[in-house]
Structures are given as C-alpha cells and as structure tokens.
Amino acid sequence: NTTANNNTAVGKSALNGNTTGADNTSSGKDSLGSNTTGSNNSAFGSGSLVSNTTASNNTAVGHQSLYANTTGYDSVAVGANALDSNTTGIQNTAIGRNAMQSNTTGNNNTAVGLVAMYSNTTAHDNIAFGVNALHQNTTGTANTALGRSALRLNTTASNNTAVGYQAGDALTTGGLPAVGYNAGG
C-alpha cells in the first residue's frame, strides 16, 4: 500500500499488491492479493478476488469466488468457486457453489443455485434460478430458466423461457417457452 486509504486486510497476503486502491475490505489468504488500483471491493474467503487488479465495486464471498477476475466490475459472487473463471465480465450475480464458474467475459447474467449456469463463458443477459438451471449454456443469450434443471442442456440457443422442474431440460437448439413440470423436456 502506498497512498490508498480506508482499506482493511486480514490474512496472509491479503491486499498484498495494493498501491492506490481505496475502500477495500479483504479477509482470507491471498484475497484481493493482486489488487493495485481497484476500489470499493469486498473479498471474503481464501483466494477470493485474488487476480483483481484495477476492477472496482465487486463483492466476493467464498473460497476462490471471482478468483480470476482482473478488470470485471460491478459483480457479486457468493459461494465457493462462484464466478471463478470470470476475467472481464461485468455486472454478473452468481449465488451458490460453482454458480457461473466457467464465465469469462459474459455480462449482465444472474445465476442462483448450485452449479446454475456452470458452463456459461461469454453469454449475456441470462437468468437462471435453481440447481442446474442453464447448466450447459455457453453462449446462448437472453434466456430465463426458473426451476431445478430448467434449460439444463441448452448450450447456444437464445431467447428461451422455461419455468418449472426440468422445464426445457432437453432443449439444445432453442425457440420455446416451457411452463410446468418437465414441459418441453
């Protein structure tokens, strides 16, 4: 730390590289360890936001949450490995262990549930609520999956809505609304 103000760091190498980033809170080994100028970040858990350099306004709670994030901003990750691979993706919310774990540059996504949107890499504007919801999605955009395993096998299809347990579960190419238990699955 050279000239930064209002930072709190607890844990080995927490906020270790900080130079001018202000108003950061870091608790856990290596959390925010590479941060230099990023401000208003909160990292709780070993390895959380460890690669962050200049990004601001991120919240990471859980082991290696937002681990690879470098310049992505305005994101929230709660749960072990949530948004783990995110590098420059912005305005994402991932709640649950391994939620959006593979996301790298996708923006404006919301995933809530164990492994929800797990395979998402670059897709944007998706909503997934439920265990395994949109699990295989990689680049499909503007999808809404509400319910356990809703749109689970979707990979690249866009503009789908599935509501209910396993609704649209087997959909791989897109184009449908599915409402109810196993609808369209």
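Residues numbered from 1 in each chain as written. Predicted model: local features only at pLDDT ≥ 70, side-chain atom pairs only at ≥ 80, totals over all residues. Heavy atoms only, no water.

A. Representation of the overall build of the protein chain in the model. In terms of helices and strands, the protein chain carries zero helices and 11 strands. Reading the secondary structure of the protein chain in the N-to-C direction produces β-β-β-β-β-β-β-β-β-β-β. Taking 185 residues into account, the globule formula puts the C-alpha radius of gyration at 16 Å, and the protein chain, at 17 Å, falls close to it. Principal axes of the C-alpha set define a box for the protein chain whose edges measure 55 × 20 × 20 Å. Classification of the 185 residues of the protein chain by burial places 47% in the buried group. Taking the intrachain contacts of the protein chain between residues at least 6 apart in sequence as the baseline, contacts between residues at least 24 apart amount to 0%. Total accessible area on the protein chain stands at roughly 7200 Å², and carbon and sulfur atoms take up 51% of it. Averaged over its 5 positive side-chain charges, the protein chain has a centre that lies 14 Å from the centre of its 6 negative ones. (Helix = DSSP H or I, 4+ residues; strand = E, 2+ residues; numbered from the N terminus. Rg over C-alpha atoms; globule rule 2.2 N^0.38 Å. Buried < 20%, exposed > 50% of the residue type's maximum accessible area, 1.4 Å probe, protein only. Contact = heavy atoms within 4.5 Å. Areas by Shrake-Rupley, 256 points an atom, 1.4 Å probe, with all protein chains shown as cover. Lys, Arg positive; Asp, Glu negative; His and termini not counted. Charge placed at Lys NZ, Arg CZ, Asp CG, Glu CD.)

B. Quick look at the sheet that holds strand β7 (residues 110-112). An order of β1-β2-β3-β4-β5-β6-β7-β8-β9-β10-β11 is seen for the 11 strands of this open sheet, with the pairing classed as parallel. Two strands lie at the open edges of the sheet, namely β1 (8-10) and β11 (177-179), each paired on one side alone. In this sheet, adjacent strand axes meet at a mean angle of 5° when their direction is disregarded. (Pairing = 2+ DSSP bridges. Axes fitted to C-alpha atoms, helices over the stretch in contact; angles between N-to-C directions.)

C. Region of interest: the side chain of Asn103. Inspection of the secondary structure assignment puts Asn103 in the loop between β6 (93-95) and β7. In this structure the side chain of Asn103 is engaged in a polar contact, spanning 2.7 Å, whose partner is the side chain of Asn86. One polar contact links the side chain of Asn103 to the main-chain carbonyl oxygen of Gly106, over a distance of 3.3 Å. Contacts of Asn103, omitting those with residues within four sequence positions, involve Leu83, Ser85, Asn86, Asn92, Asn109, Asn120, Thr121 and Ala123. (Polar contact = N/O pair within 3.5 Å; in protein donor to acceptor, adjacent residues only side chain to side chain.)

D. Seen up close, the pattern of salt bridges. Here the structure, examined in full by the defined rule, presents two salt bridges. Among the ionic pairs, Asp30 bridges to Lys29, the shortest N-O distance being 2.8 Å. Asp30 sits in the partly exposed class, given a relative accessible area of 24%. Among the residues examined, Lys29 registers a relative accessible area of 41% and is labelled partly exposed. Two residues, Asp169 and Arg152, come together in a salt bridge whose shortest N-O distance is 3.0 Å. Here the residue Asp169 occupies a position in the loop between β10 (161-163) and β11, and Arg152 occupies one in the loop between β9 (144-146) and β10, the gap between them amounting to 17 residues. Accessibility expressed as a relative area gives 8% for Asp169, which makes it buried. Classification of Arg152 as partly exposed rests on a relative accessible area of 28%. (Salt bridge = Lys/Arg side-chain N within 4 Å of Asp/Glu carboxyl O.)

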